[in-house]
Amino acid sequence: MSARLEITGLKAGYGQIPVVLGVDLQIAAGEIVTVIGPNGAGKTTLLNAIMGVLPAAGGIALAGKPLAGLAVEERVAAGLSLVSERRELFGQMSVEDNLTLGGWLHRGTKTAGTAIADIFALFPRLKERRAQAAKTLSGGERQMLAIGRALMAWPRVLLLDEPSLGLAPRIVAEMLGTVATLRAQGVAVLLIEQNARAALRIADRGYVMELGQIALSGSADELAKDDRIARLYLGQKQPGQSAAPPVIA
Amino acid sequence: MRSRPNDPPHPLGRRTCRVRHRPFCVPSFWLTLLDLAGISALIGLGLVLLTGVAGLTSFGQAAFSGIAAYTSAYLTLFSGFSPLAALPFCLLAVALAALLLGAVTLRLSGHYLPISTIAWAAAIFFLFAQLQVLGGQTGLAGIPPVSIGGFKFISASNCFILIWACVLTAIVTQQFLLGSRTGRAIHTLRGGALLAESFGIPVFRTRLTAFVYAALLAGLAGWLYVEFIRFLNPTPFDITAGIKDLFVVMIGGAAYPWGAVAGAAILSALPDLLQAVTGGQNENYNLIAYGVIIVLLLQRSRIGLVGALAARFPAFQGPDVKVPPSAAALPARPVPRPGEVLLKAEAVEKWFGGLCAVRDMSFEVGAGEIVGLIGPNGAGKSTMFNLITGADRPGSGRITLCGADVTGAKPGAAIRLGVSRSFQHVKLLRGLSVLENVMIGAHLRGRRGVVSGLFRRDRAEESSMAAEAERHLRRAGLGNVMHRPAGSLALGPQRLVEVTRALCADPVLLLLDEPAAGLRHAEKQELAQLLHNLRDEGMPVLLVEHDMDFVMNLVDRLVVMDAGAKLTEGVPDAVQADQRVLDVYLGGVA
Amino acid sequence: MNTTIAMLLIQDGLTSGTIYALIALGLLIVFTITRIILVPQGQFVTFSALTYGTLQYGTMPLTAVLVAGLAVIAADLDVAGAPADRRWLTARDAAWRQLAWPAVLLVVTFFANPAALGIFGQILFTIAVVVPLGPLMYRLVFAPMADANILPLLIVAVAVDVAMGGLGLLLFGSDGVRTAPLLAMSIPLGAIRIHGAVLLVLGTGAAAMLGLFLFFGRTLQGKALRATAYNALGARLVGIRVRRAGQIAFLLAAALGAVSGILVSSIMTVYFDSGFIIGLKGFIAAIIGGLASYPLAVGGALVIGMIEALSAFYNSAFQDVIVLSALVPILVIRSLLSRDLADEEPAE
């Protein structure tokens, strides 16, 4: 099984603050892999670094092609697509315009026309609201629009950053169910989620990130039963502290 | 003040060449150039404070010079004033204009402010050009020179003394001002309105102070100009002049007083340099050259020539703030009594459009306890924190700090009641030393204003504040980095400095926003130790935090939020064992 | 003030107002897409007017030399910035993309006869030589500092304006130009006659606005530009090249400036330093629109035109003072309207 996306020793941060401290992971075509972990672990930073939104050190290869040094737009052209935490939709433009722009890289080709129909088939609710401005949509619909727009680029690897954020459980279930169907189309999906249980239900494999590094990894089933995850999420009490105040050199 | 390699050669160094009626042997042409450079440097100094330190870009300083110049010309030509007697009136006219324009425009945010300076500067210029009583386009001639006793300042060398005496005095007093309480307040403007308000610094009033100060310097320059040239038309005060003033500062380095001098000298010499290179009379080459230089400079670096030098040679920064061994203590608040409730939130709600971010939140923080506010992403912790600190207004509910109702009040109210905070993204002023940053915390514990700062009448109070800041820094283990620029510390010590700054405000409640974010393990332990010590002395602390290991080992009590509402509260062990909390963090089974 | 005078004033006001509107549109397009306040927009107008005027007076203007010079610098930078193994390819690419058009312009400059071009040819040449200045300005000045804050960009924009003033003096001298009206006709309307120049300005203005409206609203390229204006990161995430969007924005602004310049030269005398005050008034109109709303900017421009016409009538030498002073309360109102409760961005 050759890796569609291969990350080796990835390090990234904000200015002088290192957040991701060396991460290795692989995703194969048609696989859904999730990275879960407590807040502040660096999951969003990881995705932003893979996409090129943040500068990063280490290896990022898409179907064997190294992405280091490429701008965001060029990584999109290579087949990588990100649905970021903030969705980054074009609020004042219509649903249809947002989707059409998603297909920007394939404009003028034959597939452009049918692509929107496919997205509407995947998300019927978007079809109902096709002429509405994106900012008038509900949270769940916005999320679906963001995913639909990313799919319009026919990505080989789709990166999803906390798609369940701010959504009701029912909508989360519906949306993640739709994501699961992407498997059949051969898309490789990297799913970042705080909602560990929901993510592990649809994923094939998972990594657990803590403090910038991978702490655990395995098949989704194994991880779902692992007690250590709870402790990672809720912290661990330690034996007593030292009494004297330290001096900074 | 140490001299720097870029300074123009100091003519006083040629003392050996004393001729009775010509104190300097430097040819008159160079003196004239230096005189004009000095006038330009004065305006530049004002811009260093206004733009370089306070972050307010103004294209209108030339207009203020013009106001002073025309006032002086009018009074001396038509009302029989002597130039020296006219000076206070010039400065008064400029001050009034600055107060008026500042009152209207200084509340403008972002890029609207510099745009407004272009507008009124151009308006004032056109006014000069149109008013016939001021000579219109042709201008006024025969303006009498400054005279003290019988001595007239006419020649370039006499004016040199006058002008550069003013420049040097201005540099000295400006350094005094920037090292004072008002000066630190002006520095804070660059950190954002939230930072300033959180420590009780009035943003608008401070901006106005900086604005009027810069205008007064420009006014002095205008008076000197008209007394030197003794002929006046509107041209030197047009918008191009205003632009060039800003260029002076950009070339020299916006944040450095000697940058104004260096930039003024370079820009004054530029036309002649170019003439030497091109061998022609081409005025337009100046304009092209100015433009290209600025573009190249701002593309490469934003700190100018002196800035680049200062970065290479850190000794170029100002002298360290001295902390005298004995200084009077600042007034302090009484320590919270055990059992006293410092913070009380009752049924607080906040909606953003159709989204409910905080719903029916109620909890308390009492003396001598550390409370942690936790919850998964999107639970509303940051929103709740903003509502408590006054960065945002609740839709309904009540928030009480130290017994006073602060619902919907601005951040200034919290600090006055004794509640100080740190920020999620560290807001330290990188150019100031650690000690000066911490002294900002004590802003409301002092009273000295701009005049005391300028004339250094605030020594006693400054000593007290410095001593207080030092005490807190030593306690946090930061004693030996006190005099380093805050920007040179790593993130961990920077967060500690923020906490120390908050402590310097003598608070009765400390609010910390994700203090452990980005810290290494050892640094987190130091922070936890500091907070425990504070708690043991009776100081209550409320912190928002994501780092569960840190929080579980630090706090006495936890308040857990989910989807905007309070899920539960209790001691860490109980919360860790609570299945509902686990569900909320790991996610419901969909 | 009777009806005839009122109608004449309205005619004047609408004419200059339309010019200011075109300038404001250029400013808005550039600002919304790139966050750059294009202070030198007035210079595009000046260069165009002076180029066209020079042609009308019978000499070939040297604007193409400036374009060629800048293009050579841009091409050099492209080549220098490419990785070593791609340098030859980049050089060949750059030579074709950057230098072909300026080469053509140079040929025309040195071998063509202004009279032989005819009015239509002169107009075409003027536009052809001024429009490339836009993308070149973007490439040389702003693109290298695209991630800077608005303020350094503003200062740099002002610096470019100053430099272009100098270049204008160098290329065109200090004499003014006034060109022949393009439509030598007049239509009666009530008691007055509407001159061809006015019709042309209003007509061109309306056509330009309609064209922009259709471009941004109906075409995919136009929508991509709007998307970049709304959300630059979102645009990058769908593969839109933001730098290219910036170039197109500057191209449109330069085109609007070029057209305005030709129109302006037929209704007033243009000097090398006229650009500043014309640009400033267009700028005020754009500010009235909050640097965001196109209809408001156009409306504001027309109002400014009317104020000018009225003050010229009442022989007020203070028209500029009034217009500029009016900007201050407008800014305050605008700022209050777009007030954010959250923290202002720190200057560092």
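In this text the structure is predicted, and so the values were computed from the model without any measurement.

### Some thoughts on the interface of chain B and chain C
Part 1: Between chain B and chain C, the residue contacts involve 43 residues of the former and 41 residues of the latter.
Part 2: Listing elements by their share of the side of chain B that touches chain C, those giving two or more residues are α3 (83-105), α4 (112-130), α7 (193-198), α9 (239-252) and α11 (283-300) of chain B.
Part 3: Top element by residues in the side of chain B that touches chain C is α11 of chain B. It accounts for 12 residues.
Part 4: Here the residues of the side of chain B that touches chain C sort into 24 nonpolar, 15 polar and 4 charged.

### So, the nonpolar core
Part 1: The biggest cluster of nonpolar side chains holds 386 residues, and the ones touching the most others in it are Leu159 of chain A, Leu42, Val94 and Leu217 of chain B together with Ala24 of chain C.
Part 2: Those residues in contact with Ala24 of chain C that sit more than four places away from it in its chain are Gly282, Ala285, Ala286, Gly289, Ala297, Val298 and Ala301 of chain C.

### Thoughts on the environment of Val298 of chain C
Residues and elements named next belong to chain C.
Part 1: Residue placement: Val298 occurs in helix α13 (residues 294-313).
Part 2: Residue class for Val298 comes out buried when judged on the 24 C-beta atoms lying within 10 Å of it.
Part 3: Ignoring sequence-local partners within four residues, the contact set of Val298 consists of Ala21, Ala24 and Met209.

### Focus: the domain arrangement of chain B
Residue and element names in this part refer to chain B.
Part 1: Partitioning chain B into domains gives domain 1 (25-316), domain 2 (339-418 + 507-590) and domain 3 (431-506).
Part 2: Using only C-alpha atoms to locate each centre, domain 1 and domain 3 end up separated by 31 Å.
Part 3: The set of elements that each furnish at least two residues to the side of domain 1 that touches domain 3 consists of α5 (156-178) and α6 (181-188).
Part 4: Take the side of domain 1 that touches domain 3: its biggest share by element is 7 residues, from α6.
Part 5: In terms of residue class, the side of domain 1 that touches domain 3 is built from 6 nonpolar, 8 polar and 2 charged.

### Side note on the interface of chain C and chain A
Part 1: Chain C puts 15 residues into the contact, and the matching count from chain A is 20 residues.
Part 2: Counting residues per element, the ones that place at least two in the side of chain C that touches chain A are α9 (220-230) and α10 (232-237) of chain C.
Part 3: When residues in the side of chain C that touches chain A are grouped by element, the largest group, 6 residues, is from α9 of chain C.
Part 4: In the side of chain C that touches chain A, the residues fall into 8 nonpolar, 3 polar and 4 charged.

### Some points on unusual backbone geometry
Part 1: Despite not being glycine, Ala63 of chain A has its phi angle at roughly 50 degrees, a positive value.
Part 2: Among the structural elements, Ala63 of chain A can be located in the loop between β4 (56-62) and β5 (65-66).
Part 3: When the 15 C-beta atoms within 10 Å are taken as the criterion, Ala63 of chain A is described as partly exposed.
Part 4: Located in the positive-phi region is Asp506 of chain B, a residue other than glycine, with phi close to 55 degrees.
Part 5: In this fold, Asp506 of chain B is placed in the loop between α18 (491-503) and β11 (509-513).
Part 6: Judged by the 17 C-beta atoms lying within 10 Å of it, Asp506 of chain B falls in the partly exposed class.

### Examining the packing of α13 of chain C against helix α14 (residues 319-337) of chain C
Residues and elements named next belong to chain C.
Part 1: Contact pair α13 / α14: the axes reach a minimum separation of 9 Å and the direction vectors enclose 150 degrees. Here α13 is positioned roughly antiparallel relative to α14, judged by the angle of their axes. When the axes of α13 and α14 are compared, the crossing they make is right-handed. Each of Ile304, Ile307, Glu308, Ser311 and Ala312 in α13 lies in contact with α14, whose residues at this interface are Gln319, Ile322 and Val323.
Part 2: The residue inventory of the contact of α13 with α14, partitioned by class, reads 5 nonpolar, 2 polar and 1 charged.

Thresholds applied
- Residues numbered from 1 in each chain as written.
- Chains lettered and ligands numbered in written order.
- Predicted model: local features only at pLDDT ≥ 70, side-chain atom pairs only at ≥ 80, totals over all residues.
- Contact = placed C-beta atoms within 7 Å.
- Helix = DSSP H or I, 4+ residues; strand = E, 2+ residues; numbered from the N terminus.
- Nonpolar A, V, L, I, M, F, W, Y, C, P; charged D, E, K, R; others polar.
- Core = buried A, V, L, I, M, F, W, Y, C linked by C-beta atoms within 7 Å.
- Buried ≥ 20, exposed ≤ 12 C-beta atoms within 10 Å, placed from the backbone.
- Domains from an automatic or database assignment.
- Axes fitted to C-alpha atoms, helices over the stretch in contact; angles between N-to-C directions.
- Parallel < 35°, antiparallel > 145°, perpendicular 65-115°, else oblique.
- Left-handed = near helix turned anticlockwise from the far one by under 90°.

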